[in-house]
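# Chain and residue survey
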Amino acid sequence: MTPAGAAADNGSIPQESVGERRPVLEIRDLSVVYRSGDADVKAVDHVDLALAPGETVGLAGESGSGKSTLALGACRLLRPPAVITGGSVVYRGSRVAEGGVEILDQSSRDLRKLRWREISIVFQSAMNALNPVLRIRDQLGDVLDAHLDLNRDEKRERLETLLDLVGIPRERLRSYPHELSGGMRQRVMIAMALAVDPEVVIMDEPTTALDVVVQREILAQIVELQQRLHFAVLFITHDLSLLLEIADRIAIMYAGRLLEIGTADQIHNRPAHPYTRGLLESFPSVHGARKELAGIPGSPPDLRSLPPGCPFLPRCRYAAEPCRSIDMRVLPVTGSADGHLSACPFVTPETLQAATGLRPSRTANVAPQGRAS
């Protein structure tokens, strides 16, 4: 087995990973722990991730891998016992100073101006987050009042336009949340996230609680809105098959670390990390020959006592003694195009393809319009 590539100077993601465009959101060496009486739990451990303007980056991994903690930490939305112990999060939107804004250094007042106006988030189980005693117009209106100076007519027109954007009849502004279906409530939350034209939208499993038909409609709408409004998306999910359909690049997260980063095509056709291959083999295909799902044996590690080296070692079919002392930085994959990075220097895409003998096919049950299946 050959190494994945030469080490970078500081372990950061090369700029080629986001192309020639300057990142609108750049996370570098971010670490987050949950403080407890016994020991710190490392939920996010030295993570680098960049998001280019207009790009969709998918963040995938099993439950408990640190995906939501990474997103909330980047927005300074974590509460005790969570503590950011190091790193940098720089936002470079068109409405801020040319050098960008270091989010981790901002005061509470400055953060309130930044959130929703520049970076918005659709929270996990967001469709249940609406206030049950307020009408939809009042909840959407709060966002507009906090960030825009609009008169009464301008505000009403803006509210109606937001519902038009997400495909909800305008008369529903008078409705209470319990009068809407789950899919409509989720659309309202997406409208709220887009209310003041942010340049980055973080979506934390926005379709998890929806049936596959509504899920497809929501995903198609997200893609259409992004193409129209040109905001960047960080889409978090445990469903890798979904990201293969909608994401430009995909980052695979496990035990608080990034294990692989690549384009959707690279992740699908030439996965470089055994964990990524395991995820690809864990969902069925609706096309091609029937095959038995392999899955991933074992369970994620206890974050309170992570062993040295690769955290995936106990579950990896390619595990070897050198894996116990491996440096977990993501490095360029040998033989792959720019931007394909892996934390495993021993296994190559060719190794994984030879072991399985075939590539998994993409699912077709959630492919939104506007993306190739």
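Residues numbered from 1 in each chain as written. Predicted model: local features only at pLDDT ≥ 70, side-chain atom pairs only at ≥ 80, totals over all residues. Heavy atoms only, no water.

## Some remarks on the confidence of the model for the chain
Note the threshold: Every residue is assigned a pLDDT by the predictor, reflecting its confidence on a scale from 0 to 100. Here a residue-residue contact requires only that any non-hydrogen atoms of the pair lie within 4.5 Å.
The share of residues in the chain with pLDDT of 70 or more is 89%, and the mean pLDDT across the chain is 87. Counting contacts from residues 1–17, a segment whose pLDDT is below 50, to residues more than four positions away or on other chains yields 42 contacts.

## Some points on the sheet that holds strand β3 (residues 56–60)
Whether parallel or antiparallel, the strands of a sheet pair through hydrogen bonds between backbone atoms. To be explicit about the condition: Only strands joined by at least two bridges in the DSSP assignment are considered to pair. Secondary structure elements follow DSSP: runs of H or I no shorter than four residues count as helices, runs of E no shorter than two count as strands, and numbering proceeds from the N terminus. Where helices are involved, their axes are fitted lines through C-alpha atoms of the stretch in contact, as for all axes, and angles between N-to-C directions lie from 0 to 180°.
Across the sheet, eight strands lie side by side as β6-β7-β8-β3-β9-β10-β12-β11; this open sheet has mixed pairing. What marks the edges here is a single partner per strand, and that holds for β6 (119–122) and β11 (331–332). Two strands pair when backbone bridges link them, and β3 and strand β8 (residues 232–237) are joined in this way by five bridges, in the parallel orientation. Each bridged residue has a counterpart across the sheet, and for A60 the counterpart in β8 is T237. On top of the sheet, helix α5 (residues 182–193) reaches β6 and β7 (200–204); it is set at about 170 degrees to β6, its chief contact.

## Considering the sheet that holds strand β1 (residues 25–34)
Ordered in space as β2-β1-β4-β5, the four strands form an open sheet in which the pairing is antiparallel. Pairing within the sheet leaves two strands with one partner each, and these edge strands are β2 (41–51) and β5 (101–102). In terms of strand pairing, β1 meets β2 through seven bridges, oriented antiparallel. Across the sheet, V32 pairs through a bridge with V44, a residue of β2. Across the sheet, helix α1 (residues 67–74) touches β1, β2 and β4 (82–91), and the angle it forms with β1 is around 115 degrees.

## Section: empty space enclosed by the protein
Defined as follows: Cavities and pockets were defined on a 1 Å grid built over protein atoms only: a cavity is a set of grid points that admits a 1.4 Å probe from which the probe cannot escape, a pocket is an open set flanked by protein on both sides within 12 Å along at least five of seven lines, and lining residues are those with an atom within 4 Å of any such point. Grid points are joined across faces, edges and corners, and a volume is the space filled by probe spheres set on the points. Each residue gets one label: Ala, Val, Leu, Ile, Met, Phe, Trp, Tyr, Cys and Pro are nonpolar, Asp, Glu, Lys and Arg are charged, and the others, such as Gly, are polar.
On inspection of all chains with the given rule, the structure shows five cavities of 30 Å³ or more. Considering only enclosed or pocket space, the largest cavity measures out at about 100 Å³ in volume. Contributing to the lining of the largest cavity are 13 residues, with C310, C316, A319, C323 and C344 lying nearest its centre. In terms of residue class, the lining of the largest cavity is built from 12 nonpolar, one polar and no charged.

## Some remarks on the pattern of salt bridges
Just so we agree on the cut-off: Think of a salt bridge as a Lys or Arg side-chain nitrogen and an Asp or Glu carboxyl oxygen that are within 4 Å of each other. Buried means the residue's accessible area, taken with a 1.4 Å probe over protein chains only, is under 20% of the maximum for its type, while exposed means over 50%, and partly exposed covers the values in between.
The tally for this structure, following the rule as stated, stands at 19 salt bridges. Ionic pairing is found between E160 and R170, a salt bridge with its closest N-O pair at 3.0 Å. Of the two residues, E160 sits in helix α4 (residues 152–165) while R170 sits in the loop between α4 and α5, which places them 10 residues apart along the sequence. Under the relative-accessibility criterion, R170 is labelled partly exposed at 40%. Across the pair R228 and E224 runs a salt bridge, and its minimum N-O distance is 3.1 Å. In this pair, R228 and E224 both sit in helix α6 (residues 212–229), four residues apart, roughly one turn of the helix. On the basis of relative accessibility, which here comes to 43%, the residue E224 falls in the partly exposed class.

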